[in-house]
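Working through the structure, step by step
Here is what each chain is made of, one letter per residue.
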Amino acid sequence: MKHILVLVSGNGTNLQALIDAERQSGLGNGTIAAVISDKPGAFALERAKNAGIPAFTLLPDKSLPKRERRLELSNRILAKACELKIDFIVCAGFLSILSGDIIAAYASRMINIHPSLLPKFGGQGMYGEKVHRAALDAGERESGCTVHFVDAGADTGQIILQRAIPVLSSDTPETLAERIHVQEHAAIVEAVRNMV
Ligand code: GAR
């Protein structure tokens, strides 16, 4: 079995979709071996615990400047991934930007899910509600989610799959986020099943 590491920062509904999918009908040749959060107390950690999955919190070192902070956290995640013999990494609502050796070490083996139809509404600082607000402000008629490989940029890696939905005239960032979340859960499971 391929060992999957899921990186999280928040609620962890995408992690839950993967946990449920593994329980119900498997994740291809993979199994979720560990979860890492970069935020203390993220509810995703509870989800991992409830599913009996080893979960770790690796916090960014706030005393470091931004670039060094990213690199230092990325290197600790890489070390943990090596220690746990991780084959495949899924960033599922993980808000730190990865850099350094982990990018090459897991090239084509590390994916991210983003709540827009990239290349629209991606990049640094574009997460959660901000993404949906930007799509509404731009008058988009459709939005959705993207699963892509992680490269050295922010949301710039090769696109693996997208799922689109219509934007409704009555949509608020919250209602759009909610409908896109449903698509994300299907997309992340599909991508992982096809890739591991
Ligand atoms: C998801 O919508 C995910 O696409 C987004 O954070 C949310 C996490 O939800 N990620 C980004 O915006 C990354 N730029 P979850 O914690 O319930 O899975």
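A few points on the structure. (Residues numbered from 1 in each chain as written. Predicted model: local features only at pLDDT ≥ 70, side-chain atom pairs only at ≥ 80, totals over all residues. Heavy atoms only, no water.)

**Topic: helix H6 (residues 173-195)**
In this model H6 runs 31 Å from its N-terminal to its C-terminal C-alpha over 23 residues, within 8% of the 33 Å that 1.5 Å per residue would give. Those residues of H6 that sit buried are Pro173, Leu176, Ala177, Ile180, Gln183, Glu184, Ala187, Ile188, Val189, Ala191 and Val192. (Helix = DSSP H or I, 4+ residues; strand = E, 2+ residues; numbered from the N terminus. Expected span 1.5 Å × (residues − 1). Buried < 20%, exposed > 50% of the residue type's maximum accessible area, 1.4 Å probe, protein only.)

**Re the nonpolar core**
Core analysis: the largest hydrophobic core is formed by 36 residues, its most contacted members being Val6, Leu18, Val90 and Val192. Per-element tally for this core: the top contributor is H6, with seven residues. Once you skip the residues sitting within four places of it in the chain, Val90 turns out to touch Ile4, Leu5, Val6, Leu7, Leu18, Ile111, Ile188 and Val192. (Core = buried A, V, L, I, M, F, W, Y, C linked by side-chain atoms within 4.5 Å. Contact = heavy atoms within 4.5 Å.)

**Overview of the environment of Pro60**
Within the secondary structure, Pro60 is located in the loop between strand E3 (55-57) and helix H3 (66-83). What makes Pro60 partly exposed here is its relative accessible area of 27%. Taking the C-alpha atoms as reference, Pro60 lies 32 Å from Asp137; in sequence the two are 77 residues apart. If we skip the residues at most four places from it in the chain, Pro60 touches Asp38, Arg69, Leu73, Arg76 and Ser96.

**Here we look at the packing of aromatic side chains**
Taken as a whole, this structure holds zero aromatic pairs when the rule is applied. Over the aromatic face of Phe56 sits the side chain of Lys80, whose NZ or CZ is 4.1 Å from the ring centroid. (Phe/Tyr/Trp six-rings, centres within 6.5 Å; stacked < 30°, edge-to-face > 60°. Lys NZ or Arg CZ within 6 Å of the ring centre and 35° of its normal.)

**With respect to the environment of Asp87**
Its place among the elements puts Asp87 in the loop between H3 and strand E4 (88-91). Sequence-wise, Asp87 and Met110 are 23 residues apart; in three dimensions their C-alpha atoms are separated by 9.0 Å. Setting aside residues no more than four positions away along its own chain, Asp87 makes contact with Met1, Lys2, His3, Tyr106 and Arg109.

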